[in-house]
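Report on the structure
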Amino acid sequence: MRIGVIGAGRLGGTLATWCAESGHDVAVTSRHPEQLRERLDRMNGRLRVMSIHQAASFGEVVLFAPNWSSAKEAVDQTRSALAGKVVIDATNPADEVPSPPAGAFAGAFTGSFLTGASTKSTPLMAAALTGPAGEAGDRMFAHAGGKSNLETLIEWAPGAHWVKAFNTIPTDVLSRRRGHDPLMAEFVCTDERDARETACRIIRDLGFAPFYAGGAKAARLTETGGPLQSCEVDVKDATDALAEALSTLR
Ligand SMILES: NC(=O)c1ccc[n+]([C@@H]2O[C@H](COP(=O)([O-])OP(=O)(O)OC[C@H]3O[C@@H](n4cnc5c(N)ncnc54)[C@H](OP(=O)(O)O)[C@@H]3O)[C@@H](O)[C@H]2O)c1
């Protein structure tokens, strides 16, 4: 698959390299291509540098990982090229990089539910566990107010098929967990089923287990300040993590 990566920084550059290693054809953007020389040489032609508009046009799928402060400018330069494409948004508000998780269940997940000390379930957890977890996320978040980066991007470029992923965990942790059993859950939010399947395929290719956390509104759970930010969790525990995250919205 051809993948265009907008913003080949710490996150985008890392993901671009892994996409190329997985056999995808990858184009990255940079205003300083000389800084990418070593990475490009290592990838033997499967990674190339293009202008931002060219990379967006090149990609069948686009990975969107610029600084959030540059996101509007990046969208303005690529809106027509992004139309009709799956675009995976990995940004966080205010350009914050997730803090390294303190333990297996980081961030908001200090509760006993996840560590197994208590198996007491709340009605909210039950709702998330028995129904499609993503729908529960949408319902809950509708009352929480605020807008996710993903919703903002949808407003800026409504012709693209936007998906949220790769924004919760710092690159050093992604590097450590990539491809290792038990696979780490990668939370995915989107309103679009086909786009979700495409994003999930790429997430699997890169050595993670995609886990659907809800629609565009639920993306706020995963962004800075949300309970799924910095949540390093094995896929078998992801349903519990999402239920716990939803319970924090009360
Ligand atoms: N780093 C992480 O561990 C991590 C993890 C999860 C999510 N994120 C999120 O990912 C986003 C990027 O973080 P990062 O740590 O990778 O940042 P970074 O290392 O500073 O890289 C930012 C990238 O954005 C590009 N950029 C800046 N201004 C641009 C513009 N006007 N047009 C096009 N591209 C532009 C830069 O390209 P140039 O080379 O042209 O300067 C650079 O490649 C942030 O929203 C962050 O919250 C980061």
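Residues numbered from 1 in each chain as written. Predicted model: local features only at pLDDT ≥ 70, side-chain atom pairs only at ≥ 80, totals over all residues.

The helix and strand inventory of the protein stands at twelve helices and eight strands. Within the protein, buried positions represent 50% of all 250 residues. Nonlocal contacts in the protein, meaning residues at least 24 apart in sequence, comprise 75% of its contacts between residues at least 6 apart. (Helix = DSSP H or I, 4+ residues; strand = E, 2+ residues; numbered from the N terminus. Buried ≥ 20, exposed ≤ 12 C-beta atoms within 10 Å, placed from the backbone. Contact = placed C-beta atoms within 7 Å.)

The next point concerns the pairing of strand β5 (residues 86–89). Side chains Val-86 and Ile-88 of β5 all project onto a buried face; the interleaved residues Val-87 and Asp-89 project onto the opposite face, where all are buried too. Bridge count between strand β4 (residues 61–64) and β5: four bridges; the pairing is parallel. The partner of Phe-64 across the bridge, within β5, is Asp-89. Crossover connection from β4 via helix α4 (residues 71–82) to parallel β5: handedness right-handed. (Pairing = 2+ DSSP bridges. Right-handed = clockwise from strand over helix to strand, strands pointing away.)

Neighbouring the ligand are 28 residues, the closest being Gly-7, Gly-9, Arg-31, Ser-70 and Asn-92. Residue contributions to the shell around the ligand peak at three residues, all from helix α1 (residues 10–21). Within the shell around the ligand, the residues separate by chemical class into eleven nonpolar, twelve polar and five charged. (Near = placed C-beta within 6 Å. Nonpolar A, V, L, I, M, F, W, Y, C, P; charged D, E, K, R; others polar.)

This part covers the nonpolar core. Counting residues in each nonpolar core, the largest one holds 70 residues, and the members touching the most others are Val-5, Ile-88 and Val-188. Beyond its immediate chain neighbours, meaning those up to four positions away, Val-188 contacts Val-163, Lys-164, Ala-165, Arg-196, Ala-199, Cys-200, Ile-203, Pro-210, Phe-211, Tyr-212 and Ala-213. (Core = buried A, V, L, I, M, F, W, Y, C linked by C-beta atoms within 7 Å.)

Another aspect to go through is α4. Between the first and last C-alpha of α4 there are merely 13 Å, a value that for twelve residues lags more than 12% behind the 16 Å anticipated at 1.5 Å per step. Every buried residue of α4 is listed here: Ala-71, Ala-74, Val-75, Thr-78, Ala-81 and Leu-82. Along the long axis of α4, the arc covered by the buried residues comes to 115 degrees, so they all point the same way. For α4, the exposed residues set more than 90 degrees away from the buried face come down to Glu-73, Asp-76 and Ser-80. Tucked into the core, α4 has its buried residues touching β1 (2–6), α3 (52–58), β4, β5 and α8 (149–156). The first or second residue beyond α4 is Gly-84, which carries a positive phi of 85 degrees. (Expected span 1.5 Å × (residues − 1). Arc of directions from axis to C-beta.)

So, about helix α12 (residues 238–247). With eight of its ten residues buried, α12 lies for the most part within the structure. For α12, the set of buried residues is Ala-238, Asp-240, Ala-241, Leu-242, Ala-243, Glu-244, Ala-245 and Leu-246.

Moving on to the confidence of the model for the protein. Residue-level pLDDT values for the protein average 85, and 81% of them are 70 or greater. When the criterion is pLDDT under 50, residues 103–133 qualifies, and its contacts beyond four places in sequence or with other chains add up to 51 contacts. Contacts for the low-pLDDT stretch residues 140–144, under 50 throughout, to residues beyond four places or in other chains number eleven contacts. (pLDDT = per-residue confidence, 0-100.)

One can find Asn-92 in the loop between β5 and α5 (112–115). On the basis of neighbour count, Asn-92 is assigned to the buried category, with 22 C-beta atoms found within 10 Å. Spatially, the C-alpha atoms of Asn-92 and Gly-225 are 9.5 Å apart, while their sequence positions differ by 133 residues. The contacts of Asn-92, once residues within four sequence positions are left out, are Trp-68, Asn-149, Asn-167, Glu-223 and Thr-224.

Next up on the list: the pairing of strand β7 (residues 185–189). Burial runs high along β7: five of the five residues are buried. Of the pairings in the sheet, the one linking β7 to strand β8 (residues 209–214) comprises five bridges and is parallel in character. Bridge pairing in β8 places Cys-189 opposite Gly-214. Following the chain from β7 across helix α10 (residues 193–205) to the adjacent parallel β8, one finds a crossover that is right-handed.

So, about the environment of Asp-234. Note that Asp-234 resides in the loop between α11 (219–222) and α12. Separated by 52 residues in sequence, Asp-234 and Pro-182 place their C-alpha atoms 6.0 Å apart. Sequence-distant contacts of Asp-234, defined by excluding residues within four places in its chain, comprise Pro-182, Met-184 and Ala-185.

This next bit is on unusual backbone geometry. A cis amide bond links Asp-181 with the next residue in sequence, Pro-182, at an omega value of -10 degrees. Residue placement: Pro-182 occurs in the loop between α9 (171–177) and β7. Here Asn-44, not a glycine, exhibits a phi torsion of approximately 50 degrees, which is positive. Residue position: Asn-44 is located in the loop between α2 (37–42) and β3 (47–50). Overall, Asn-44 belongs to the exposed group, with 8 C-beta atoms counted inside 10 Å. Within the chain, Phe-166 stands out as a residue other than glycine whose phi angle is a positive 65 degrees. Along the chain, Phe-166 falls in the loop between β6 (161–164) and α9. Overall, Phe-166 belongs to the buried group, with 28 C-beta atoms counted inside 10 Å.

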